Amino acid sequence: MKLSSVSSIAFAFTSTRKPPPEEVRVVVNKKPTTGHPSYSTEIDPVSGSLTIHSIVPKGIEIQDGLYGKKLVATQKFHEGQVLYVGYAILLDIALSNAEKYFVRLYNHDGTFQTEEIMSTVHSVVDYDKLASDVLHDCIYQDDVAKKKSKRNNSDTSSSPGVFGLGQLPSSPSFPVPSIRQIYGFDAFMNHSCDANTYHPLVSRSSEMMSYQAIAIRDIFPGDEITCDYAFFDYECNGHEIEQCLCGSPKCRGKMMGFQGLSLQEKISILPYCELEIVSTFFRENNDITLLRSEIPPGVDLIVKPNDTHLVATRTFEAAELVFENKSTLIPTHDLSKTYVLECNGKYFLMDNLHHFIHRREYSEAVGFDCFMDHSCCPNTSQVYQDSTTYVVRANHLIQPGDRITMDYTSLDSLERVSFQCNCGSAVCKGLILS
Ligand SMILES: [Zn+2]
Ligand SMILES: [Zn+2]
């Protein structure tokens, strides 16, 4: 995944192999292997140049875009579908002069497509922010000096561009940290502030990583396949996108990594972020209280901007139990705190006024069902069994896909919230004062 489509320097190479220019030389200690035919690496024994052989998966095509190459879907991918399993080697460019490398692309049937020269600077993740227990065997800056002294005994120690710890230049043209993820065909995937794929990790060692590319929503033939750098890049240190050209209505204007987002944006993308980003987020925001709530079978949460709601996933007969839940009591003096609700891997920033039920002595955080819609003719009723346990039963037949509704005025919350009801029922009261 390259950093900025605008600054891409990849250019087409003729299929006749030419000796690589001097700056393409790369020195790595040993050839990493993937054990997978769709991605493999080759180091030229004479020139030392690195080549990634990469098969472009079925349903995906690399096309020329306005700002360089881009990935385009040639088939439909459903929300949640795995588009492909991707691979990348981890390369310490402080130990080599690997500013450039080759990517040789092949069609799905193995025939040669094209060869590109890529810049390692465009394949970046901030490893200094990553949890050391996950990357314990990875090469950190602290190790560079050790490795440098080892390398001093070898004949490559004089290679230009090989730096030791004390020698790392402060020039922004060579930003630290120096570990680069060297991708295959998906190095051409562009950033979007409204990305349609995310990439959960499958495995990672000190040399290799593999990940899935999963569709966040339905992707149609002709759609550009995009990712959001904030999903896996906490700081974007030294490779920020000052002016994002993703063109999405949700464009943030610039891409400064996860940490540059607003609290609301951070929480909304947490489900798609790498685990290190999620754990770093909660570590750095220890004033946030995490509430957990499991969505029971038979219902589901449909997440939409300003219209997150609960639906039935099966039929409920009149008087049937829809679900049972237990609320968390929040002392009134804690209401100024920030609460994040996690429901089955989805995260929500709580609106303490609207999402909690306010009683005289305390407030109640109910959980996933705080997103239930109001109706003046609701299809469920809530009955408390004690101060925190309640059951929700169907008032009449509920069909799969129906929104599950309740009457907010029955909650007896101290906080009076008025809104114009559009429930559409024959008995709609219009202006509601809950
Ligand atoms: Zn954007
Ligand atoms: Zn109504």
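Throughout this description, residue numbers start from 1 for each chain and increase along the sequence as written. Throughout, the order in which chains and ligands are written sets their labels, letters from A for the former and numbers from 1 for the latter. Totals for whole chains, interfaces and linings use every residue, but because this is a predicted model, local features are given only for residues with pLDDT of at least 70 and side-chain atom pairs only at 80 or more, for both listing and counting. Computation of side-chain values: all heavy atoms of the structure, hydrogens and water removed.

Caption draft 1: Spatial organisation of the sheet that holds strand β25 (residues 380-384). In space, the three strands of this open sheet follow the order β18-β26-β25, with antiparallel pairing throughout. Looking along the sheet, the strands with just one partner apiece sit at the ends: β18 (321-326) and β25. Neighbouring strand axes in the sheet, compared pairwise and without regard to direction, differ in orientation by 20° on average. The sheet contact formed by β25 and strand β26 (residues 389-394) spans five bridges and is antiparallel. Along β26, the bridge assignment pairs Val383 with Val391. DSSP calls a pair of strands paired once it identifies at least 2 bridges connecting them. In this text, helices come from DSSP runs of H or I with a minimum length of four residues, and strands from runs of E with a minimum of two, each type numbered from the N-terminal end. Here the axes come from fitting lines to C-alpha atoms, over the contacting stretch only for helices, and the angles between their N-to-C directions go from 0 to 180 degrees.

Caption draft 2: A look at the sheet that holds strand β23 (residues 362-365). Pairing is antiparallel across the open sheet formed by three strands, whose spatial order is β19-β23-β22. The open sheet terminates on both sides in strands that have one partner only, identified here as β19 (328-331) and β22 (356-358). Between one strand axis and the next, the sheet turns by 30° as a mean value, whatever way the strands run. Of the pairings in the sheet, the one linking β22 to β23 comprises three bridges and is antiparallel in character. When the bridges of β23 are listed, His358 appears paired with Ser363.

Caption draft 3: Just the pairing of strand β16 (residues 299-302), in detail. Burial classes: relative accessible area under 20% of the type maximum marks a residue as buried, over 50% as exposed, and values in between as partly exposed (1.4 Å probe, protein chains only). Taking every second residue as pointing to the same face, the buried face of β16 carries Val299 and Leu301, while none of Asp300 and Ile302 on the other face is buried. Bridge analysis of β16 against strand β17 (residues 309-312) gives four bridges, and the strand direction is antiparallel. Counterpart to Leu301 in the pairing with β17 is Leu310.

Caption draft 4: Structural detail: the coordination of the zinc ion (ligand 2). The donor set comprises N, O and S atoms within 2.8 Å of the metal, extended to 3.2 Å for Na, K and Ca; water molecules are omitted, so apparent gaps in a site may simply reflect that omission. For the zinc ion (ligand 2), the full set of protein donor atoms is Cys376 (SG), Cys421 (SG), Cys423 (SG) and Cys428 (SG), and the range of their distances to it is 2.2 to 2.4 Å. Taken together, the four donor atoms coordinating the zinc ion (ligand 2) span angles of 105 to 114° at the metal, a pattern that classifies the geometry as tetrahedral. If you list the donors of the zinc ion (ligand 2) from N- to C-terminus, the spacing comes out as C-x44-C-x1-C-x4-C. One end of the pair, Cys376, is in the loop between β24 (373-374) and β25; the other, Cys423, is in the loop between β28 (418-420) and β29 (431-433), and 47 residues separate them in sequence. Overall, Cys376 belongs to the buried group, its relative accessible area being 9%. Square planar and octahedral sites, with four and six donors, are those where opposite donors lie more than 155 degrees apart and all other angles lie between 65 and 115, tetrahedral sites have four donors with every angle between 85 and 135 degrees, and the rest are irregular.

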